[in-house]
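Single-letter residue listing:
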Amino acid sequence: MPQPDISVNDADFHADPYPYYARLRAEGPVHQVEVTAAEYTPTFLVVGYEEARRALNHPGLSKNWASSGVLPGVATTVANSNMLETDPPQHTRLRRLVAREFTTRRVQAMRPRVQQITDELLDAMAARPQRTADLIKALAFPLPMTVIGELLGVPDLDRERFSHWSKEVLAPTSLTPSTHAHQKLSDYLAELVEAKAKDPGEDLLSALIRTRDEDGDALSSAELIGMAFLLLIAGHETTVNLISNGTRALLAHPDQLAALRADYDGLLDGAVEEMLRYDGPVQNTTYRYAREAMELGGTAIPAGATVLVSLAGADRDPGRYESPDTFDIRRAPQGHLAFGHGLHFCIGAPLARMEGRIAIRGLLERFPDLAEDLSGDPFADPASWIGGSLIRGVTRLPVRW
């Protein structure tokens, strides 16, 4: 079959990429594809579940694009000094230092505040006389943005500018690679780290500035900026999409929605996991680079090639999940790859899960008649999907009650 182009801005693909991945998977778990967004030659897409797990934790696949030579015309910024773009032993060191402070205990201590923020946002929604809202603006975006801002000690974060930079990093509007948004974020975060160093608080960023391991090792200024960059972007963008994608899935499956409403205590946790598997917030991972020639899923990967792992494709693999295209909140979706796998597994997954559970339950309890608002155009999908091949989510989600 011809090599597909996964970077073309195709509205049908962004609205529903799953049939596309299914057709590829039927031909095999790994495929060479075209990527017009950059000079990746060649690039391989992994759509099979077992092959995806292997690729996500393969020691022969590097995440450090700056040293790979695949983007010679793109400069790095200090924001690139983060765990997502490093390999062991540097990755191991950075993750160890961050994990000393970004603990389960710290996350759980935020639960009352997450509930409070959610309640306040839902109160504001309920007060709207027109009984309609864009769920992204009303809940899905401000909740995780407020939570991660307060966690890092940035309650007055300029959300509008930050949202623009974040979207440009994750889903660039230009096919030409650029570090403009990276640089803007780097400059902003450099000022923030400097301010926190002078006037520390009890927040996570201040704790990361203070932290030392048993050998006295600490994060450098560049690494602190890189960690703040990663935590801010990954800490809000994925949760925005978890809440919005999950809500869309429930509204599109009224039987599942009714079952959840009837038994929140018994079904909510599993429902959120199924939302993550069925239509997760991250469609494909960032790139990996083959240090050496290897074989993956029966496909030869030459040294220097780039490898893109499709989390969306893997989590709909019938070899792993029975009837994978069916949304079933009672299934056992354990092992899904929505947060990755292996050494790069998302460190913020517990926080995202907590926010998702609180937001979804609060939304459904407050608005028993919640539905998508189709009043604008009865023939149009009210959602507008984010472009690019990385993020899976909508830019707007009109709802009514």
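Please read all numbers here as calculations on a predicted model, not as lab measurements. (Residues numbered from 1 in each chain as written. Predicted model: local features only at pLDDT ≥ 70, side-chain atom pairs only at ≥ 80, totals over all residues. Heavy atoms only, no water.)

## Quick word on the overall build of the protein chain
So, point 1. Broken down by element type, the protein chain carries 16 helices and 12 strands.
So, point 2. Counting the 401 residues in the protein chain, one finds 56% classified as buried.
So, point 3. Within the protein chain, residue pairs in contact and separated by at least 24 positions form 74% of the contacts whose partners lie at least 6 positions apart.
So, point 4. Looking at the protein chain as shown, the accessible area adds up to about 17,200 Å², and 51% of this sits on carbon and sulfur atoms. (Helix = DSSP H or I, 4+ residues; strand = E, 2+ residues; numbered from the N terminus. Buried < 20%, exposed > 50% of the residue type's maximum accessible area, 1.4 Å probe, protein only. Contact = heavy atoms within 4.5 Å. Areas by Shrake-Rupley, 256 points an atom, 1.4 Å probe, with all protein chains shown as cover.)

## Description of the environment of threonine 395
So, point 1. Assignment of secondary structure puts threonine 395 in strand β11 (residues 394-396).
So, point 2. Sequence separation between threonine 395 and lysine 137 is 258 residues; the distance between their C-alpha atoms is 9.1 Å.
So, point 3. Among all residues touching threonine 395, those that are not within four sequence positions of it are Asp134, Ile136, Ser384 and Ile386.

## Thoughts on empty space enclosed by the protein
So, point 1. Inspection of the entire model under this criterion finds 1 cavity of 30 Å³ or more.
So, point 2. Space inside the largest cavity adds up to approximately 50 Å³.
So, point 3. Looking at the lining of the largest cavity, the elements with two or more residues in it are α14 (264-278) and α15 (311-314).
So, point 4. Residues belonging to the lining of the largest cavity are distributed by class as follows: 6 nonpolar, 2 polar and 3 charged. (1 Å grid on protein atoms, 1.4 Å probe; cavity = no way out; pocket = protein on both sides within 12 Å on 5 of 7 lines; lining within 4 Å. Points joined across faces, edges and corners; volume = space filled by probe spheres on them. Nonpolar A, V, L, I, M, F, W, Y, C, P; charged D, E, K, R; others polar.)

## Points about the pairing of strand β2 (residues 43-46)
So, point 1. Neither face of β2 is left uncovered, since the one carrying Thr43 and Leu45 and the one carrying Phe44 and Val46 both have all their residues buried.
So, point 2. In terms of strand pairing, strand β1 (residues 30-33) meets β2 through 4 bridges, oriented antiparallel. Counted as the bridge partner of valine 33 is threonine 43 from β2.
So, point 3. Pairing of β2 with strand β8 (residues 306-309) involves 4 bridges; the strand directions are parallel. Across the sheet, the residue bridging to threonine 43 is threonine 306, located in β8. (Pairing = 2+ DSSP bridges.)

## Focus on the nonpolar core
Burial of nonpolar side chains together is a common tendency in soluble globular proteins.
So, point 1. In terms of nonpolar packing, the biggest core is built from 87 residues, with Phe102, Met125, Leu139, Leu143 and Leu260 touching the most fellow members.
So, point 2. It is helix α12 (residues 221-252) that provides the largest number of residues to this core, a total of 15 residues.
So, point 3. Look past the residues within four positions of phenylalanine 102 in its chain and what remains in contact with it is Val107, Leu151, Leu204, Leu231, Ile347, Gly348 and Leu351.
So, point 4. Core analysis: the second largest hydrophobic core is formed by 23 residues, Tyr49, Ala55, Met294 and Leu390 among them. (Core = buried A, V, L, I, M, F, W, Y, C linked by side-chain atoms within 4.5 Å.)

## Points about the pattern of salt bridges
When their charged atoms lie close together, side chains carrying opposite charge are able to pair.
So, point 1. Within the structure shown, the criterion is met by 19 salt bridges.
So, point 2. One salt bridge in this structure joins arginine 291 and aspartate 87, with 3.4 Å as the shortest N-O distance. Of this pair, arginine 291 sits in the loop between β5 (288-290) and β6 (294-296) while aspartate 87 sits in the loop between β3 (61-62) and α4 (90-99); the two residues are 204 residues apart in sequence, bridging distant segments of the chain.
So, point 3. Classification of aspartate 87 by relative accessible area gives buried; the value is 11%.
So, point 4. When salt bridges that share partners are traced, they join Asp269, Glu273, Arg353 and Arg357 into one network. (Salt bridge = Lys/Arg side-chain N within 4 Å of Asp/Glu carboxyl O.)

## Observations concerning the sheet that holds β8
So, point 1. Spatially, the 5 strands line up as an open sheet ordered β1-β2-β8-β5-β3, and their pairing is mixed. Both outer strands of the open sheet, β1 and β3, are each paired with one neighbouring strand and no more.

## Considering the environment of arginine 353
So, point 1. Mapped onto the elements of the fold, arginine 353 is located in helix α16 (residues 349-366).
So, point 2. If we skip the residues at most four places from it in the chain, arginine 353 touches Glu273, Leu276, His336, Phe339 and Phe345.
So, point 3. In this structure the side chain of arginine 353 is engaged in a polar contact, spanning 2.7 Å, whose partner is the side chain of glutamate 273. (Polar contact = N/O pair within 3.5 Å; in protein donor to acceptor, adjacent residues only side chain to side chain.)

## Looking at the layout of surface pockets
So, point 1. What the second largest pocket holds in volume is close to 260 Å³.
So, point 2. Lining the second largest pocket are 16 residues, with Asp16, Tyr278, Asp279, Arg316 and Arg392 sitting closest to its centre.
So, point 3. Of the residues forming the lining of the second largest pocket, the biggest block, 4 residues, is contributed by α12.
So, point 4. Looking at the lining of the second largest pocket residue by residue, the classes come out as 8 nonpolar, 2 polar and 6 charged.

## What about the sheet that holds strand β9 (residues 371-372)?
Two strands in a sheet stick together by hydrogen bonds in their backbones, pointing the same way (parallel) or opposite ways (antiparallel).
So, point 1. Taken in spatial order, the 3 strands make up an open sheet running β4-β12-β9, and their pairing is antiparallel. Strands with a single pairing partner mark the edges of an open sheet, and in this sheet they are β4 (132-134) and β9.

## Notes on the confidence of the model for the protein chain
So, point 1. Of the residues in the protein chain, 87% reach a pLDDT of 70 or more, and the chain-wide mean stands at 87.
So, point 2. In the model of the protein chain, helix α9 (residues 159-170) stands out as the element of lowest mean pLDDT, 70, in contrast to helix α6 (residues 111-126), which has the highest, 98. (pLDDT = per-residue confidence, 0-100.)

## Re the packing of α6 against α16
So, point 1. Across the interface, α6 lies against α16 with an axial gap of 10 Å and an inter-helix angle of 35°. Along this stretch, α6 crosses α16, giving a crossing that reads as right-handed. Across the interface between the two elements, Arg111, Val114, Gln115, Thr118, Asp119, Leu122, Asp123, Met125 and Ala126 from α6 touch Met354, Glu355, Ile358, Ala359, Gly362, Leu363 and Arg366 from α16.
So, point 2. Here the contact of α6 with α16 is composed, by residue class, of 8 nonpolar, 3 polar and 5 charged. (Axes fitted to C-alpha atoms, helices over the stretch in contact; angles between N-to-C directions. Left-handed = near helix turned anticlockwise from the far one by under 90°.)

## Comments concerning helix α8 (residues 142-151)
So, point 1. Across the 10 residues of α8, 9 count as buried, placing the element largely inside the fold.
So, point 2. Regarding α8, the residues found buried are Pro142, Leu143, Pro144, Met145, Thr146, Val147, Ile148, Gly149 and Leu151.
So, point 3. With its phi angle positive at about 85°, glycine 153 sits one or two positions after the end of α8.

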